[in-house]
Amino acid sequence: MKKALIAAFAVVMIAMAAILVYLLQDNRNLEQEKMEMLELAELDKQEMENDYERLTLQYSEMITQINNDSIIAQLTQEQLRTQQLLEELKNVKAADAREIARLKKELATVREVLRSYIRQVDSLNQVNQSLMAENERVKGELAQEHHANEDLRMEKQNLTEKVAIAAQLDATGITMTALNKRQKAAKKMKDCKTIQVGFNIARNVTAQTGNRTIFVRIQTPSGQVLTAGSFPYENRQLEYSMKKVIEYTGEEINVQTYWQVGEFLDAGQYRVSIFADGNMIGTKTFTFE
C-alpha cells in the first residue's frame with residue numbers, strides 16, 4: 001500500500017512538473033508575441049510619422065508654387081495642423097492603441113484634404129495656362145495689328161511723300177544768255193553786261209496754285225555766287241542771284257530773270273540752279289568763252 005501511495009505521488013509530481021513546464025513555455029510564448037506586437041506597433045507608428053512629415057513637405061512645396069493668397073493661407077493652416085498632429089504622434093506610446101487609431105484616422109483625413117487642394121491647384125493652373133495662352137494669342141493679334149498699322153502708316157507716309165513730290169514745281173528749258181550793252185548776245189564773257197536766265201515752270205495740276213517766289217542762283221567758274229540776298233534752304237541760308245514772284249495757276253508759265261553785271265566775269269562753266277518752295281526744281285551748266 002505504501003509503495004502504491006509513493007507511486008501515485010510520484011505520478012502527481014511528474015504531472016505537476018509537466019504542467020509547470022507547459023505554463024512556463026506558454027508564458028514565454030505570450031511574452032514573445034507581446035514583444036513582436038510592440039515592435040509592429042513601433043514600426044506602424046514610425047510609418048505614420050514618416051507620412052505626416054511627407055505631407056508637411058508637400059504642403060510647403062505647394063505653397064511655393066502658387067500665387068493665390070487665399071489658397072496659400074488655407075494651405076498654411078492645414079500645414080500647421082499636420083505638424084501639430086505629428087507632434088501628438090511623437091508623444092504617444094506605440095502601445096496606446098486607441099490614440100494611435102485616432103491619429104491614423106486623422107492621417108487619412110489630412111491626406112484627403114491635401115488631395116483636394118492638389119486638384120484645386122491643378123484646376124487653377126489649367127485656368128492660368130488657358131489665360132496665358134489667350135494672353136499670348138491676344139498679344140500676337142495686337143502685334144499683327146500694330147505691324148499692319150505700321151505698314152499702313154508707312155504706306156500713307158510714302159503716299160504723302162509721293163504726293164508732295166508730285167506737287168513740286170519743275171523748271172524746264174533752262175537757258176542762260178550773256179547780253180552785251182546793246183542787249184544782244186555777247187560772244188565773250190568780258191563783253192557781258194547782263195545775264196539773262198529763262199526757264200519754264202511746267203504744268204502741274206497737283207501743285208498748289210497762287211503766288212510763288214522763284215530763286216535763281218548763278219555760280220561762276222571759280223565757285224562764287226553772284227549774290228543779291230539769301231533764302232532758307234534745308235536748315236540753312238543759301239545765297240541767290242535773282243528772285244521773282246509769279247502767279248502760278250497750274251499751267252506752264254515762262255519766267256525770265258536778269259542779273260546786271262557789275263564785276264568782271266571769267267570765261268568758263270557757269271551753273272544755274274532754280275529753287276521754289278524750299279526745293280531745287282532745276283539746274284543746268286553753261287560754258288562761255
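That block above? That's the structure.
What comes next concerns the included structure. (Residues numbered from 1 in each chain as written. Predicted model: local features only at pLDDT ≥ 70, side-chain atom pairs only at ≥ 80, totals over all residues. Heavy atoms only, no water.)

1. Re the environment of E87
Structurally, E87 can be placed in helix α2 (residues 69-90). Exposure remark for E87: the relative accessible area of 42% places this residue in the partly exposed category. C-alpha of E87 to C-alpha of Y52: the two residues are 35 residues apart in sequence and 9.6 Å apart in space. (Helix = DSSP H or I, 4+ residues; strand = E, 2+ residues; numbered from the N terminus. Buried < 20%, exposed > 50% of the residue type's maximum accessible area, 1.4 Å probe, protein only.)

2. Side note on the pairing of strand β8 (residues 268-276)
For β8, the tally of buried residues reaches seven of nine residues, placing the bulk of the element in the interior. With six bridges connecting them, strand β3 (residues 210-219) and β8 associate as antiparallel partners. Across the sheet, residue R217 finds its bridge partner in β8, namely S273. As paired strands, β8 and strand β9 (residues 279-288) are joined by nine bridges and run antiparallel to one another. Bridge pairing in β9 places Q269 opposite T287. Between β8 and the antiparallel strand that follows it, β9, lie two residues; D277 among them carries a positive phi value of about 55°. (Pairing = 2+ DSSP bridges.)

3. Structural notes on the nonpolar core
Residues M176, I195, F199, I201 and I218 are the most contacted members of the largest nonpolar core, which totals 31 residues. Breaking this core down by element, the ones donating at least two residues are β1 (171-179), β2 (194-201), β3, β6 (242-248), β7 (253-260), β8 and β9. Once residues lying within four places of it in the same chain are set aside, the contact partners of I201 are L169, D170, A171, I214, I246, Y248, E251, E252, I253, V255 and I281. Counting 20 residues, the second largest nonpolar core, distinct from the first, contains Y52, I63, L85 and V110. (Core = buried A, V, L, I, M, F, W, Y, C linked by side-chain atoms within 4.5 Å. Contact = heavy atoms within 4.5 Å.)

4. A short note on the environment of W259
Residue placement: W259 occurs in strand β7. Sequence separation between W259 and S241 is 18 residues; the distance between their C-alpha atoms is 7.2 Å.

5. Topic: the side chain of T220
Its place among the elements puts T220 in the loop between β3 and β4 (229-232). Setting aside anything within four residues of it in sequence, one finds T220 in contact with L226, Q269 and Y270.

6. Side note on the pattern of salt bridges
One pass over the full model with this rule turns up nine salt bridges. For E112, the salt bridge identified is with R119, shortest N-O distance 3.6 Å. Each of D51, R54 and R111 takes part in salt bridges that share partners, so that together they form one network. (Salt bridge = Lys/Arg side-chain N within 4 Å of Asp/Glu carboxyl O.)

7. What to know about α2
In an α-helix, one turn spans 3.6 residues; hence positions three or four apart end up facing the same way. Given a rise of 1.5 Å per residue, 22 residues ought to cover 32 Å, and the 32 Å separating the end C-alpha atoms of α2 matches this to within 8%. Of the positions making up α2, those classed as buried are I71, L75, E78, Q79, T82, L85, L86 and L89. Projected down its long axis, α2 carries its buried residues within an arc of 125°, all on one side. Opposite its buried face, α2 presents the exposed residues D69, Q77, L80 and Q84, each directed more than 90 degrees away. (Expected span 1.5 Å × (residues − 1). Arc of directions from axis to C-beta.)

8. Here's the deal with the sheet that holds β7
Sheet architecture is open: three strands sit in the order β1-β2-β7, paired in antiparallel fashion. Strands with a single pairing partner mark the edges of an open sheet, and in this sheet they are β1 and β7. Strand-to-strand twist of the sheet, defined as the mean angle between neighbouring strand axes without regard to direction, takes the value 15°. For β1 and β2, the ladder comprises seven bridges, and the chain directions are antiparallel. What sits directly across from T177, in β2, is Q196. (Axes fitted to C-alpha atoms, helices over the stretch in contact; angles between N-to-C directions.)

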